[in-house]
Amino acid sequence: MSNHIVGTHALHKVMESNILKISQDARAAKAINPEVIDATVGMLHREDGKLFKYATVEEQLFKLSDPEMYFYAPVNGSKEFSAGVIDWVFGSNRETITKTFHLSVIPTTGGSGALSNSLYNFNDFGQSMLVPNYYWTPYENIAEEAHIGVKTFRLYDENYDFNIADFTEKANELAFEQKRLFLILNDPCNNPTGFCLTKENWQAIIKVLNDISRADIPVILLHDSAYIDYQMKEHNQSRDVYEAFLELDENILTIIAFSGSKTFSMYGFRIGAQLGMSKSKAIIDEFNRVGDYSVRARFSSVSRPAMSVIGKIFANQELKKTFILEIETAKDLLRKRIELFHEIAQRENLKMLPYGGGFFVGIETDNQNIFKDLVQDGVFIISMPGMIRIALSSVKLTEIERLVKIIKKHI
Ligand SMILES: Cc1ncc(COP(=O)(O)O)c(C=O)c1O
């Protein structure tokens, strides 16, 4: 056949580094040899190797009525879910934020659904978005699917602080060249590095965005907050950075991608939200118009049981309090692994990237063969240009010393 079966735009689609596929390979290898260390999975696991589930979530899940379980979910979200997402995301800043911004919540199939709807609707085909050079690789695929490209700036300066100079240069270059800036920042607990921006970093970033917006260039800030609940800070402190958001100029659209997968350990349920915020009502009206349309056109609606469970936890102060305490135990689990990893890495002279929270630690490397070298020694990680990502979310304390030593051998 001389003509292609797929459309010309799909001819070059090949999933090259599929994290979920590598995780499946790692699981299969571990099933044959229990000595294999699987540090690939972005799902929190307990020390006995089982998934970390939240009792509050499970209790509510098994009590759902038939309509709460089986009906279609409302496209705009139940009141409990949508109002609850706003409360949850902003924490103690909710009041000032709601007074300052127009807000809207659109439920999506995980944080991924929020990312793909946003990239598709707020760029022209052929344009590029901006991300730090260390980013969650599926951004590339989500962008490609939306017919847009990826441009990067250097995340770190020479002291491993946020590289505001390179960010400023690259953001301005791209914005003035294509007359649009769509920026994704995954914070706190950047995947793949564990890096967390400070409030001062955000203030500096927002100043750059405001300057670009004042040149009449559309600016969209996508704040991917997937790991907001796993920063090594108290619940409200990890929401401190939203104080900096108060300074955003009127014509900027901020979209917070909320992930129910990580916060509630409901990975397979596919629930999340696009939380739109702008000081301009007209911009939020546009956000709603295209967001509602894309939900209906792409996946119709989201998981009803997940929306019901999350809505119930958000709407009941007692349940919410208990749930927040449960998250602390999840963070303790991660903290112990990170501390041990850090201690042994220091002993072995293995340099970790700065870690502020989340499921991953990162280590820079020049070894382009690192993935294969580690697999030969029974260790599965995710490699990306210049670094490896180690998912401590799925590694047991007893595996960490061996893990560090094997990494050190090949780095
Ligand atoms: C940085 C980042 N953003 C977004 C997501 C989206 O997750 P989900 O679609 O499961 O909510 C993930 C999941 O691994 C992630 O690591």
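Residues numbered from 1 in each chain as written. Predicted model: local features only at pLDDT ≥ 70, side-chain atom pairs only at ≥ 80, totals over all residues.

This paragraph deals with the domain arrangement of the protein chain. Here the domain parsing of the protein chain yields domain 1 (8–54 + 320–410) and domain 2 (70–316). Distance between the C-alpha centres of domain 1 and domain 2: 25 Å. At the junction of the two partners, domain 1 supplies 33 residues and domain 2 supplies 26 residues. Considering every element that reaches the side of domain 1 that touches domain 2, the biggest residue donor is helix H14 (residues 317–347), with 7 residues. Class assignment for the residues of the side of domain 1 that touches domain 2 results in 20 nonpolar, 7 polar and 6 charged. (Domains from an automatic or database assignment. Contact = placed C-beta atoms within 7 Å. Helix = DSSP H or I, 4+ residues; strand = E, 2+ residues; numbered from the N terminus. Nonpolar A, V, L, I, M, F, W, Y, C, P; charged D, E, K, R; others polar.)

Compared with the 20 Å implied by 1.5 Å per residue over 14 residues, the 20 Å span of helix H1 (residues 19–32) between its first and last C-alpha is a close match. Burial in H1 covers these residues: Ile19, Ser23 and Ala26. Seen along its axis, H1 keeps its buried residues to an arc of 60°; they face one direction. Turned more than 90 degrees off the buried face of H1, the exposed positions are Lys21, Ala28, Ala31 and Ile32. Next to the buried residues of H1 lie strand S1 (37–38), strand S10 (379–380) and strand S11 (382–384). (Expected span 1.5 Å × (residues − 1). Buried ≥ 20, exposed ≤ 12 C-beta atoms within 10 Å, placed from the backbone. Arc of directions from axis to C-beta.)

For soluble globular proteins, nonpolar side chains are generally found buried alongside one another. Counting 112 residues, the largest nonpolar core has Ala39, Val85, Leu222, Leu275, Ile310 and Leu392 as its most contacted members. Here this core spans two domains, since at least three of its residues come from each of domain 1 (8–54 + 320–410) and domain 2 (70–316). Non-local contacts of Ile310, meaning those with residues more than four positions away in its chain, are made with Phe81, Gly84, Gly260, Phe264 and Ile271. (Core = buried A, V, L, I, M, F, W, Y, C linked by C-beta atoms within 7 Å.)

In the case of a regular strand, side chains alternate between the two sheet surfaces. Counting buried positions along strand S12 (residues 387–391) gives 5 out of 5 residues, so the element sits mostly inside the fold. The side-chain alternation of S12 yields two buried faces, one formed by Met387, Arg389 and Ala391 and the other by Ile388 and Ile390. By the bridge criterion, 5 bridges tie strand S9 (residues 360–364) to S12 in an arrangement that is antiparallel. Bridge pairing in S12 links Gly362 to Arg389. As defined by bridge partners, S11 adjoins S12 across 3 bridges and the pair is classed as antiparallel. Across the sheet, Ser383 pairs through a bridge with Ile388, a residue of S12. Where S11 folds back onto S12 in an antiparallel hairpin, the turn is made up of 2 residues, including Gly386, whose phi is positive at roughly 90°. (Pairing = 2+ DSSP bridges.)

As a further point, take the site of the ligand. In the vicinity of the ligand there are 13 residues, among which Gly110, Gly111, Ser112, Ser259 and Ser261 approach most closely. Tallying contributions element by element places helix H6 (residues 110–121) first for the shell around the ligand, with 3 residues. When its residues are assigned to classes, the shell around the ligand shows 3 nonpolar, 9 polar and 1 charged. (Near = placed C-beta within 6 Å.)

Inspection of the secondary structure assignment puts Val395 in the loop between S12 and helix H16 (400–410). In sequence terms Val395 and Asp366 are 29 residues apart; their C-alpha atoms lie 24 Å from each other.

With that settled, the discussion passes to the environment of Ile19. Mapping Ile19 onto the fold places it in helix H1. A residue is classified by how many C-beta atoms lie within 10 Å of it, and Ile19, with 20 of them, is buried. Spatially, the C-alpha atom of Ile19 lies 35 Å from that of Ser92, the residues being 73 residues apart in sequence.

Here we come to the sheet that holds S12. The 3 strands are arranged S9-S12-S11 in an open sheet whose pairing can be described as antiparallel. The open sheet has two edge strands, S9 and S11, and neither has a second partner. Along the sheet, successive strands turn relative to each other by an average axial angle of 25°, direction set aside. (Axes fitted to C-alpha atoms, helices over the stretch in contact; angles between N-to-C directions.)

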